[in-house]
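Chains, contacts and geometry: an overview
The chain contents come next:
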Amino acid sequence: MINFTYHSPTKVIFGRQTEETVGDEIVKFGGQKVLIHYGGQSAQKSGLLDRIRGSLKNAGLRYVELGGVQPNPRLALVREGIALSRREGVDFFLAVGGGSVIDSAKAIAYGVSHDFDVWDLFCGKRAASKCAPIGVVLTIAASGSETSYSSVITDGDTKLKRSYNDDIARPKFAVMNPELTFTLPPYQTACGIVDILMHTMERYFTNIRHAELTDRIAEGLMVTVLENGRRVMKRPEDYDARAELMWAGSLSHNGLTGTGRTGDFAAHQIEHELSGMFEVAHGAGLAALWGSWARYVCRHDAARFARFAVEVMGCKMNYHDPEQTAMEGIEALERYFTDIGMPISIPQLGIGEISDAQIEEMAEKCTFYGKRTVGQFVKLEKTGIMEIYKLAAGKPIG
Ligand code: NZQ
Ligand code: ZN
């Protein structure tokens, strides 16, 4: 086990009707003028926004609103949010939605706290010294952004999707009512299941040994997500199953399942280029790429993949041939993705043929034009990343 700092300061308010407490929570954290930030139409249609407005009014808070956050949230709206918040004297940022809305709110909260262009953070040109306070009302179990230190923003002009990570942007509180996720379309629910699994898998495939407690927490989380994922796909209004997923989503990405070891996150980095360029949902992009990443790196530590196969996917260990067990685990997870309606290849994403030139462009962007390798379990350079995209696209490699 390696040294670690575990910092998860977000206050979690979990359960039915908890959104009614949001105004009081903002007051406790010192907010006076709030920006209510939300997405396309789901929170309006369900009546959630009205309930939030009511809660803020009851708590004596003033507020302005900015909706229209789209999946893979855009820099242009972040800049609009920064200008609006400055004009209006906003001092607290309330994200009502999923990862896209939360990440956009984090970026706005960074932006109002500095006098340089916020994109400089995401490009690695500057570091943040502060971030205005953020609260969350979560409507989809997926990204874990409600407790994470990340914000992921896309520049619509260059199609660059970049993240900025700093503990100072972890939300002050996250209100999580699993009932709010009943209205999710099945595809979005499934994308969320994939993303939650992947946040723990990215930390599970590691070269660090002896993080046994972390391993067992991770395996328990993944099994819980697999089982309850099947339940919610069949019964979208199964409160308990939705609750398990929602709580797992937060714990999967708040750092807990990575304590004492280094994570990998290659699949995430490779996926971000795909969703930045082709507008695919992040979870679907991960499902489409993961099997190709896994087959590409499996031999590096077949025993680790075999443990995943046995402990998480329920495969039988073949002691004569652990590599075979490893492969069975990869195939079992792909079957699961297929069962819940997720793609397991790029063609299944429905974005048409992707060219060799586009694959090379994504691989170049992913390595920051040769300035970094991607992943820790196996460090990938441009050639390796291209091979993974090609495997996922069904193109010949080598
Ligand atoms: O815009 P509306 O109308 O609200 O519709 C949204 C959106 O179309 C819909 N939705 C959300 N809650 C709903 C609902 N529809 C009906 N009922 C509800 N209760 O779902 C769609 C997707 O929303 P989005 O916020 O994009 O989903 P998600 O939470 O999966 O977030 C994805 C974004 O988070 C980033 C991803 O890259 C992507 O940009 N990530 C952020 C991370 C972080 N900050 O820590 C980590 C992740 O790895 C990820 O990269
Ligand atoms: Zn993710």
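Residues numbered from 1 in each chain as written. Chains lettered and ligands numbered in written order. Predicted model: local features only at pLDDT ≥ 70, side-chain atom pairs only at ≥ 80, totals over all residues. Heavy atoms only, no water.

Focus on the coordination of the zinc ion (ligand 2)
Short version of the rule: A donor here means any N, O or S atom no more than 2.8 Å from the metal (3.2 Å for Na, K and Ca); water is not included, so a site may seem to lack partners. Strands here are runs of E lasting at least two residues and helices are runs of H or I lasting at least four, both read from the DSSP assignment and numbered beginning at the N terminus. Each residue is placed in one exposure class: buried if its accessible area under a 1.4 Å probe, protein chains only, is under 20% of its type's maximum, exposed if it is over 50%, and partly exposed if it falls in between.
Surrounding the zinc ion (ligand 2) are the protein donor atoms Asp195 (OD), His199 (NE2), His268 (NE2) and His282 (NE2), which sit 2.0 to 2.2 Å from the metal. Along the chain, the residues that donate to the zinc ion (ligand 2) are spaced as D-x3-H-x68-H-x13-H. Placement of the pair is aspartate 195 in helix 7 (residues 186-204) and histidine 282 in helix 11 (residues 282-297), with a sequence separation of 87 residues. Taking the relative accessible area as the measure of exposure, aspartate 195 reaches 4% and is therefore buried.

Quick look at a nonpolar patch on the surface
For clarity, the threshold we go by: Each patch groups residues whose relative accessible area exceeds 30% and which form no salt bridge, using 9 Å between like charges and 5 Å between nonpolar side chains of Val, Leu, Ile, Met, Phe, Trp and Tyr. Each accessible area is a Shrake-Rupley estimate made with a 1.4 Å probe; only the visible protein chains count as cover when residues are assessed. Salt bridges are defined by distance alone: a side-chain nitrogen of Lys or Arg within 4 Å of a carboxyl oxygen of Asp or Glu.
On the surface, a nonpolar cluster with roughly 330 Å² of combined accessible area is contributed by Met1, Phe4 and Tyr6. With respect to the secondary-structure elements, tyrosine 6 resides in the segment before strand 1 (11-14). Overall, the relative accessible area of 39% leaves tyrosine 6 in the partly exposed class.

Digging into helix 15 (residues 382-393)
Each α-helix turn comprises 3.6 residues. Residues three or four places apart therefore point the same way. Quick note on the threshold: Here a helix's expected span is defined as the number of its residues, less one, multiplied by 1.5 Å. Only heavy atoms enter the contact rule, under which two residues are in contact if any of them lie within 4.5 Å.
For helix 15, built from 12 residues, the straight-helix expectation of 16 Å at 1.5 Å per residue is met to within 8% by its first-to-last C-alpha distance of 16 Å. Residues of helix 15 that are buried include every one of Gly384, Ile385, Met386, Glu387, Ile388, Tyr389, Ala392 and Ala393, and no others. Contacts from the buried residues of helix 15 go to helix 10 (266-278), helix 11 and helix 14 (356-366). Of the residues flanking the end of helix 15, it is glycine 394, one or two places downstream, whose phi is positive at about 75 degrees.

What about the packing of aromatic side chains?
Formally: Any Phe, Tyr or Trp ring, taking Trp's six-membered ring, that has another such ring centre within 6.5 Å forms a pair; planes under 30 degrees apart are called stacked, those over 60 apart edge-to-face, and the others tilted. Note on geometry: a ring has a charge over it if NZ (lysine) or CZ (arginine) is within 6 Å of the ring centre and within 35 degrees of the ring normal.
Summed over the entire model, instances satisfying the criterion amount to 17 aromatic pairs. Plain terms: the ring middles of tryptophan 290 and tryptophan 293 are 6.4 Å apart, the flat faces sit at 40 degrees to each other, and that makes the pair tilted. Of this pair, tryptophan 290 and tryptophan 293 both sit in helix 11, three residues apart, which is roughly one turn of the helix. Like tryptophan 290, the residue tryptophan 293 is buried in the burial classification. Taken together, a centroid distance of 6.0 Å and an interplanar angle of 45 degrees make the contact between tryptophan 293 and phenylalanine 305 tilted. With tryptophan 293 in helix 11 and phenylalanine 305 in helix 12 (residues 302-311), this residue pair connects regions lying 12 residues apart in the sequence. Taken as a pair, tryptophan 293 and phenylalanine 305 share a single burial class, namely buried. In this structure an aromatic cluster arises from ring pairing among Tyr204, Phe205, Trp290, Trp293, Phe305, Phe308 and Phe377. For the cation-ring pair, arginine 16 lies above tyrosine 239, with the distance from its terminal atom to the ring centre recorded as 3.7 Å. The ring of tyrosine 204 carries arginine 304 above its face, with NZ or CZ at 4.1 Å from the centroid.

Comments concerning the pattern of salt bridges
Two side chains carrying opposite charge are able to pair once their charged atoms lie near each other. Taken as a whole and judged by the stated rule, the model has 29 salt bridges. Its salt-bridge partner being glutamate 334, residue arginine 295 comes within 2.8 Å of it at the nearest N-O pair. With arginine 295 in helix 11 and glutamate 334 in helix 13 (residues 322-339), this pair connects stretches of sequence that are 39 residues apart. The buried category is assigned to glutamate 334, whose relative accessible area is 9%. Glutamate 361 is the partner of lysine 365 in a salt bridge, and the nearest nitrogen-oxygen pair spans 3.2 Å. Linking lysine 365 with glutamate 361, this pair stays in helix 14, spanning four residues, or about one helical turn. A relative accessible area of 4% places lysine 365 in the buried class. Members of the salt-bridge network, linked through shared partners, are Glu212, Asp215, Arg216, Glu219, Arg261, Arg304 and Arg307.

Digging into the sheet that holds strand 1
Inclusion rule: Note: two strands are recorded as paired if DSSP finds a minimum of 2 bridges between them. Fitting a line to C-alpha atoms yields each axis, with helices limited to the stretch in contact; the angle taken between N-to-C directions then spans 0 to 180 degrees.
The sheet built from six strands is open, its strands ordered 1-8-5-4-2-3 with parallel pairing. Edge strands, defined here as strands with exactly one partner in the open sheet, are strand 1 and strand 3 (62-66). Strand after strand, the sheet turns through a mean of 20 degrees between neighbouring axes, direction not considered. In the sheet, strand 4 (residues 92-97) pairs with strand 5 (residues 134-138) via five bridges, with the strands oriented parallel.

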